[in-house]
Amino acid sequence: MITPQDLSSQRITFFPDYRATNPYQTLLYESLEPAFTAQPGSIEDALGLKAGTPDRPALFHLHWEHAVLMGAVAPKSVEDFLDGISRFRAAGGKVVWTIHNLAPHDTEKSAANDDLQAGLCELADILHLHSLHALTAARAEMRLPERKIRIIAHHNYEGAYPVHARSAARSDLGLSGARRVVLCPGRIAPYKQPAELAEAFLASARPDDCLVFAGELARNFDPVLPDDERLVLKQGFATQDDVGRLHAAADFLVLPYRASLTSGSAILAATLARAVLGPDTPGLRDVIDHPVSGLIYEDGNLAEALKEALGEDTDAWANRGRQAAAAAAARDRKTLAATWQDVLTSLTK
């Protein structure tokens, strides 16, 4: 049943729909209600919505664009997808592209991906990035029309994950006897260099230290971790309760990315008062105030940085976690929603 609110709100079709594994989209669009109503769908769905009520504004919000090629709904050619974008805009629709990554995490950047990004730079009405660090990196790889660029920070995850007590979380996970618990969360994939991380950890870890890998394995990927009881692999889908418990148990997180334009994992860690050790990437530079709220190391220095991190006491990392949480609080969804509403409203006038 269509309500008066449905008729008065502006409509957003977003793609792909990653809400089942990442609450980023859920939290973003909830913060925009009731002025905007969002629903998942393809560019064809957005076209159909626009055709059904041609006099009403309609927005298409594209997130992780590699899903177009990898078949989140159905694989499409670059040409077909961009043609759909062109037809949507010709019908009066507007397109926002949030640039989360410069390349897909699990595959090499392809010519098709380059063509897709180039087409989106030309056709999208708004090019959204989460930080100036991300903008600098994106400009080095893509021709971004200046008039289209908008910087709106990645919101925090306040309220999305349960908060657990540290001792109870460790007990639940069988880690009560650990001196240090280091967490590497999220999908276990090559871009996080799990084998290299395990080797660096074991080179410095004490007998009662523990490194936890927690997440689903990337397709056709075997991390080949050493057989050592200090390495814990919690493979499979993690519920929000699982994620909250894992963060509570950890002294700090390590995110040894090969590349990161925006790091939701680092922002989640900060929201839950956990600091991060990671390389010098735009995504981590946006979140970590080195050495106040985490530690950033130069490329190739993972082993040395991890040795230093494991040598610090619990209070040092707890204090960084508190500083990270204070910074994450500034990423308030209501505050950021006001900027989002200004940007989106400008497209629907």
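Before any of the text, the structure's been laid out above.
Residues numbered from 1 in each chain as written. Predicted model: local features only at pLDDT ≥ 70, side-chain atom pairs only at ≥ 80, totals over all residues. Heavy atoms only, no water.

**A word on the pattern of salt bridges**
At step 1: All told, the structure shown has 14 salt bridges when counted by the stated rule.
At step 2: Note that arginine 331 is salt-bridged to aspartate 286, the shortest N-O span being 3.2 Å. Taken together, the residues span a long stretch of sequence, with arginine 331 in the loop between helix H14 (314–329) and helix H15 (333–348) and aspartate 286 in helix H12 (residues 282–287) at a distance of 45 residues.
At step 3: Take aspartate 286: its relative accessible area is 22%, and that puts it in the partly exposed class.
At step 4: The network of salt bridges with common partners includes Arg166, Arg170 and Asp251. (Salt bridge = Lys/Arg side-chain N within 4 Å of Asp/Glu carboxyl O. Helix = DSSP H or I, 4+ residues; strand = E, 2+ residues; numbered from the N terminus. Buried < 20%, exposed > 50% of the residue type's maximum accessible area, 1.4 Å probe, protein only.)

**Here we look at the sheet that holds strand E6 (residues 149–151)**
At step 1: In spatial order, the strands read E2-E1-E3-E4-E5-E6; together these 6 strands make up an open sheet with parallel pairing. Looking at strand neighbours, the two that pair on one side only are strand E2 (36–40) and E6, the edges of this open sheet. Neighbour-to-neighbour, the strand axes of this sheet turn through a mean angle of 25 degrees, independent of strand direction.
At step 2: Bridging between strand E4 (residues 94–98) and strand E5 (residues 126–129) involves 3 bridges; their strand directions are parallel. In the sheet register, threonine 98 faces E5, and the bridge partner there is histidine 128. (Pairing = 2+ DSSP bridges. Axes fitted to C-alpha atoms, helices over the stretch in contact; angles between N-to-C directions.)

**Remarks on the packing of aromatic side chains**
At step 1: Under the defined criterion, the tally for this structure stands at 8 aromatic pairs.
At step 2: For the ring pair phenylalanine 60 and phenylalanine 88, a centre distance of 6.4 Å and an interplane angle of 70 degrees mean the geometry is edge-to-face. Highlighted residues: phenylalanine 60 in strand E3 (residues 58–62) and phenylalanine 88 in helix H5 (residues 78–90), separated in sequence by 28 residues.
At step 3: Among the residues examined, phenylalanine 60 registers a relative accessible area of 0% and is labelled buried.
At step 4: In this structure phenylalanine 88 comes out as buried when scored by relative accessible area, which is 0%. (Phe/Tyr/Trp six-rings, centres within 6.5 Å; stacked < 30°, edge-to-face > 60°.)

**A word on the sheet that holds strand E11 (residues 276–279)**
Strands in a sheet are paired, the pairing made by backbone hydrogen bonds, and the direction either parallel or antiparallel.
At step 1: What the 6 strands build is an open sheet, ordered E9-E8-E7-E10-E11-E12; its pairing is parallel. A strand with exactly one partner marks an edge of an open sheet, and here the two such strands are strand E9 (231–235) and strand E12 (294–297). Strand-to-strand, the axes of this sheet are offset by a mean angle of 25 degrees, without reference to chain direction.
At step 2: Relative to E12, E11 runs parallel, the two being bridged by 4 bridges. Each residue of the ladder has a partner; that of valine 276, found in E12, is glycine 294.

**Re H15**
At step 1: In this model, H15 (16 residues) spans 22 Å end to end at C-alpha, consistent with the 22 Å of a helix rising 1.5 Å per residue.
At step 2: Inspection of H15 places Leu336, Ala337, Trp340, Val343, Leu344, Leu347 and Thr348 among the buried residues, and these make up the whole buried set. Viewed end-on, H15 has its buried residues packed into an arc of 135 degrees, placing them on one side of the element. Residues of H15 that are exposed and point more than 90 degrees away from the buried face comprise Lys334 and Asp342.
At step 3: The opening residue of H15, the one whose side-chain oxygen lies 3.2 Å from the backbone nitrogen of lysine 334, is aspartate 332. (Expected span 1.5 Å × (residues − 1). Arc of directions from axis to C-beta. Polar contact = N/O pair within 3.5 Å; in protein donor to acceptor, adjacent residues only side chain to side chain.)

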